[in-house]
Amino acid sequence: MKLGPSAHVDTFCRDRLPPAAEWPELRLEGFDYPEYLNAAVELTDRMVERGFGDLTALIGNGRRRSYKELADWSNRLARALVENYGLKPGNRVLIRSANNPAMVAVWLAVTKAGGVAVNTMPMLRKQELRKIVEKGEIALALCDTRLTEELVACAKESRILKAVVGFDGTANHDAELDRAALDKPVTFAAVRTGRDDVALLGFTSGTTGEPKATAHFHRDLLIIADGYAREILGVTPDDVFVGSPPLAFTFGLGGLAVFPLRFGATACLLENASPANLIDYIQRYRATICFTAPTAYRAMLKAMDEGANLSSLRAAVSAGETLPGPVYEEWVAKTGKPILDGIGATEMLHIFISNRFGDSRPACTGLPVSGYEARIVDDAMAEKPRGEVGRLAVRGPTGCRYLTDARQRSYVRDGWNLTGDAFWQDEAGYFHFAARADDIILSAGYNIAGPEVEAALLTHPDVAECAVIGAPDEERGQIVEAHVVLSPGVVGDALTRRILQDHVKAVIAPYKYPRRIVFVPALPKTQTGKIQRFRLREGQ
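A few points on the structure. (Residues numbered from 1 in each chain as written. Predicted model: local features only at pLDDT ≥ 70, side-chain atom pairs only at ≥ 80, totals over all residues. Heavy atoms only, no water.)

1. A closer look at the overall build of the protein
- What the protein contains, in helices and strands, is 17 helices and 25 strands.
- Computed over C-alpha atoms, the radius of gyration of the protein comes to 23 Å, within 12% of the 24 Å expected from 2.2 N^0.38 for 540 residues, which places it in the range of a compact globule.
- Seen through its principal axes, the protein has C-alpha atoms that stretch 65 × 55 × 55 Å.
- Counting only residues that meet the buried cut, the protein has 59% of its 540 residues in that class.
- Relative to all contacts within the protein whose residues are 6 or more apart in sequence, the contacts with residues 24 or more apart total 68%.
- By element, 49% of the accessible surface of the protein is carried by carbon and sulfur atoms, the whole surface being about 20600 Å². (Helix = DSSP H or I, 4+ residues; strand = E, 2+ residues; numbered from the N terminus. Rg over C-alpha atoms; globule rule 2.2 N^0.38 Å. Buried < 20%, exposed > 50% of the residue type's maximum accessible area, 1.4 Å probe, protein only. Contact = heavy atoms within 4.5 Å. Areas by Shrake-Rupley, 256 points an atom, 1.4 Å probe, with all protein chains shown as cover.)

Below is the structure:
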């Protein structure tokens, strides 16, 4: 497709989009936006113009922020980024923070200034951050001052990352970026970005641990709201959103920022979204829409048995791992409302197949969201008969665009996005999850690449060889299970197991650590020496 005009003076992202022949087919009927569009303006200043200024936009860290406050705050920050730090349209900006209002304001400011936001998980370590910095050629990073250690360590070793600027993720506004913004006017002439300008790079590790950067345009940020959030959730200004996914995941950015702000609703942001804290927030703020993984819904069911009142919830959205039928059935029995299971992907930006109110069932992912089309195909891209498991192929108004990555050609074929999931379709056309088609381990809503955990384990001298697989787990869906061959003389006991687990937590993000370690004398291999992970899975 032909791209519209661009405001980017730094053309890095557009220059690195896949060639036209490798793009998915984009079906934009019904998603009509002007040629020039700044998504952050639409979510803030435009909402104030439309009369939402006094309504609460964000709740977090003991403060409420109205739409007018959020518009003013993000405008001041945008001015500081341009005037004090020289941000140019098209520059990539890494943002590192837990879920809090300051992170949302900083993300909006970067977007208003025409920057390309790269939101990162607060648990990432320096080597993971370095890969992102190098892939995105990121010179400026904005970081919650409570989380600077790993990023500063990354910057010290990087030729590319020139500046790490701190902002205050608490309600105090006392850090370098906040002080720079303090005396700025509350107005800002946002960059007149094109609807086809890249606004966001979503990084996904894939099966190799080598990150892929998925490019999303300004229009894409509005498409997911005007499609899924409007059609499936029916969001109104009376809604109060809460959830556990990090804003660094596109699932979290959509569900806890884009969706509420697009419709004048309220987002409650939790830095520690444990099930107990989620339950507390739902009760305290009478939350109406929750985004989390099945693990947390199990905890909520138990809390209801113990007296928790979650009756304010009208929509419970589950994604990140498959929703077990018994959890769905128990939720419906206790609340009278369904959990809306859905599937999304970083490459697609958000959920593209979902259940609906009045049309949902257990152990079923549902039907495509308006604008999307899905089918089950074989390796030759031929559609498979109903009832047969195959590869999920999807196309619609959003789609995969990796920056300069050969993996684009395997994700997109014949105009369809192949998500790496195995599904089947019943006779009525509803989609059902079967399995992941690759080595990604889905644990409590997190995507964990097995080879990356293996690489971390192999940096410990006690490990001679290892292989990592996903093992079924009732609580988390899957857990990371490591099969380890120890170095000569090392005893495979509980202490060694704990040492290796702590080592992985120190090397990569702690949620990726192997919850189960099996010590083995040797790993199953082919004659050419390749590890046969499928044999480890068969032994479960």
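2. Concerning the environment of P521
- Mapped onto the elements of the fold, P521 is located in the loop between strand 25 (516–519) and helix 17 (533–538).
- When its relative accessible area of 81% is taken as the criterion, P521 is described as exposed.
- In the structure, P521 is positioned 35 residues away from L486 in sequence and 7.8 Å away in space, judged by C-alpha atoms.

3. Examining the sheet that holds strand 25
- Spatially, the three strands line up as an open sheet ordered 23-24-25, and their pairing is mixed. At either end of the open sheet lies a strand with only one pairing partner, and these are strand 23 (463–473) and strand 25. When strand polarity is set aside, the average angle formed by the axes of neighbouring strands in this sheet is 25°.
- Of the strand pairs in this sheet, strand 23 and strand 24 (residues 477–486) are connected by 10 bridges, and their pairing is antiparallel. For E465, the partnering residue across the bridge sits in strand 24 and is V485. (Pairing = 2+ DSSP bridges. Axes fitted to C-alpha atoms, helices over the stretch in contact; angles between N-to-C directions.)

4. What about the sheet that holds strand 12 (residues 315–318)?
- Pairing is mixed across the open sheet formed by nine strands, whose spatial order is 2-1-10-9-11-12-13-14-15. The sheet is open, and its two borders are formed by strand 2 (63–66) and strand 15 (367–368), each paired with just one other strand.
- Sheet topology places strand 9 (residues 240–243) next to strand 10 (residues 266–268); two bridges connect them, and they run parallel. Pairing of F241 across the sheet is with A267, part of strand 10.
- Here helix 4 (residues 67–83) sits on the sheet and contacts strand 1 (56–60) and strand 2; the angle it forms with strand 2, its principal contact strand, is near 85°.
- Contacts from helix 12 (residues 294–305) reach strand 11 (289–292), strand 12 and strand 13 (339–344) within the one sheet, and its direction differs from that of strand 11 by about 125°.

5. Structural notes on the pairing of strand 3 (residues 92–96)
- Counting buried positions along strand 3 gives five out of five residues, so the element sits mostly inside the fold.
- One ladder, built from five bridges, connects strand 3 with strand 4 (residues 116–120); its direction is parallel. Counterpart to L94 in the pairing with strand 4 is V118.
- Where strand 3 meets strand 5 (residues 140–144), four bridges bridge the pair, whose relative direction is parallel. Across the sheet, I95 pairs through a bridge with L142, a residue of strand 5.

6. Examining the packing of helix 3 (residues 45–52) against helix 4
- Interaxial distance between helix 3 and helix 4 falls to 9 Å at its minimum, and their mutual angle equals 155°. Accordingly, the angle class assigned to the pair helix 3 and helix 4 is roughly antiparallel. As for how helix 3 packs across helix 4, the hand of that crossing is left-handed. Residues D45, M47, V48 and F52 of helix 3 touch helix 4, and the partners they reach there are Y67, K68, A71 and N75. (Parallel < 35°, antiparallel > 145°, perpendicular 65-115°, else oblique. Left-handed = near helix turned anticlockwise from the far one by under 90°.)

7. Some remarks on the packing of helix 12 against helix 13 (residues 325–335)
- Where helix 12 contacts helix 13, the axes come no closer than 10 Å and their chain directions differ by 35°. Along this stretch, helix 12 crosses helix 13, giving a crossing that reads as left-handed. Between helix 12 and helix 13, the contacting residues are Y297, R298, M300, L301, M304 and D305 on the first element and V327, E330, W331, K334 and T335 on the second.
- Taken together, the residues that form the contact of helix 12 with helix 13 break down as six nonpolar, one polar and four charged. (Nonpolar A, V, L, I, M, F, W, Y, C, P; charged D, E, K, R; others polar.)

8. Focus on unusual backbone geometry
- Backbone geometry at N61 places phi at a positive 50°, although glycine is not the residue there.
- Under the relative-accessibility criterion, N61 is labelled partly exposed at 31%.
- One non-glycine residue, A444, adopts positive backbone phi at about 50°.
- You can see A444 is positioned in the loop between strand 21 (440–443) and strand 22 (446–449).
- The class for A444 is buried, based on a relative accessible area of 18%.

9. Focus on the nonpolar core
- Grouped together as the largest cluster of nonpolar side chains are 89 residues, with contacts concentrated most on W107, L142, L233 and F259.
- Sequence-distant contacts of W107, defined by excluding residues within four places in its chain, comprise L43, I95, A117, N119, L200, L221, L253, A257 and V258.
- By size, the runner-up hydrophobic cluster in this structure holds 50 residues, among which are A215, Y446, I448 and Y513. (Core = buried A, V, L, I, M, F, W, Y, C linked by side-chain atoms within 4.5 Å.)

10. Details of the state of the cysteines
- Summed over all chains, the structure comprises zero disulfides.
- A disulfide-free cysteine, C154 has its sulfur positioned 11 Å from the sulfur of C143, the nearest such atom. (Disulfide = S-S within 2.5 Å.)

Without other data, these values stay purely geometric and don't point to any function.
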